[in-house]
Amino acid sequence: QVQLKESGGGLVAPGDSMRLSCQAVGGTLGRSAMGWFRQAPGKEREIVAAVAWHGSGASYVDAAKGRFIISVDNAKGATYLQMNYLQPEDTAVYFCAAAPTAANVRNSEIQYWGQGVQVTVAS
């Protein structure tokens, strides 16, 4: 059974950068599309970014455009989310996700979820 394990969260100051990593363990994801979601306290989980298995065609929620970059390293079975110019409103638990296609990711039709990692942006 494939599991997704996130790492790289923590506390940063506004304006700082952070990179989240997601590693597939216990198997391979093949040509699965990947995505990152987040859930802030008291809010529903929302998609942040999605990308096809080959790393192209990335899409972002408006709040992430120009600041976040999603990427994949198929050789390592890893997915990354580079987050720049972080703001307090980016504070949330971030989840890695895998699905057959990027459209599935965008529609929250997820096959595998990570356990989530906390990102806190505060001065």
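Computed from a predicted model, the values in this text were never measured in an experiment. (Residues numbered from 1 in each chain as written. Predicted model: local features only at pLDDT ≥ 70, side-chain atom pairs only at ≥ 80, totals over all residues. Heavy atoms only, no water.)

## Considerations on the environment of Met 18
Stage number 1. Structurally, the position occupied by Met 18 is in strand β3 (residues 18–25).
Stage number 2. Relative accessible area serves as the criterion here: at 8%, Met 18 is assigned to the buried category.
Stage number 3. Taking the C-alpha atoms as reference points, Met 18 and Gly 8, 10 residues apart in sequence, are found 7.4 Å from one another.
Stage number 4. Excluding its chain neighbours within four sequence positions, the residues that come into contact with Met 18 are Gly 8, Gly 9, Gly 10, Val 12, Leu 81, Gln 82, Met 83, Leu 86 and Val 119. (Helix = DSSP H or I, 4+ residues; strand = E, 2+ residues; numbered from the N terminus. Buried < 20%, exposed > 50% of the residue type's maximum accessible area, 1.4 Å probe, protein only. Contact = heavy atoms within 4.5 Å.)

## Re the state of the cysteines
Stage number 1. Throughout the structure, instances matching the rule amount to one disulfide.
Stage number 2. Across the disulfide, Cys 22 is cross-linked to Cys 96 (sulfur-sulfur distance 2.0 Å). The S-S bond linking Cys 22 to Cys 96 shows a torsion near -80°; that makes this disulfide left-handed. Here Cys 22 is found in strand β3, whereas its partner Cys 96 is found in strand β9 (residues 92–99), with 74 residues between them in sequence. Both residues of the pair, Cys 22 and Cys 96, belong to the buried class. (Disulfide = S-S within 2.5 Å.)

## Thoughts on the pairing of strand β8 (residues 78–83)
Stage number 1. Among the six residues in β8, five count as buried, and that is most of the element.
Stage number 2. Pairing analysis gives six bridges linking β3 to β8, with the strands arranged antiparallel. Counterpart to Cys 22 in the pairing with β8 is Thr 79.
Stage number 3. Here six bridges tie strand β7 (residues 68–73) to β8, and the two strands are oriented antiparallel to one another. Bridge pairing links Val 72 to Thr 79 in β8.
Stage number 4. Following β7, the chain reverses through four residues before pairing antiparallel with β8; Gly 77 in that reversal takes a positive phi of roughly 65°. (Pairing = 2+ DSSP bridges.)

## Thoughts on the pattern of salt bridges
Stage number 1. The tally for this structure, following the rule as stated, stands at four salt bridges.
Stage number 2. Note that Arg 67 and Asp 90 form a salt bridge whose closest N and O atoms lie 2.7 Å from each other. Linking Arg 67 in the loop between β6 (59–60) and β7 with Asp 90 in the loop between β8 and β9, this pair joins segments that are 23 residues apart in sequence.
Stage number 3. Put simply, Arg 38, Glu 46, Arg 67 and Asp 90 are held in one network by salt bridges that share partners. (Salt bridge = Lys/Arg side-chain N within 4 Å of Asp/Glu carboxyl O.)

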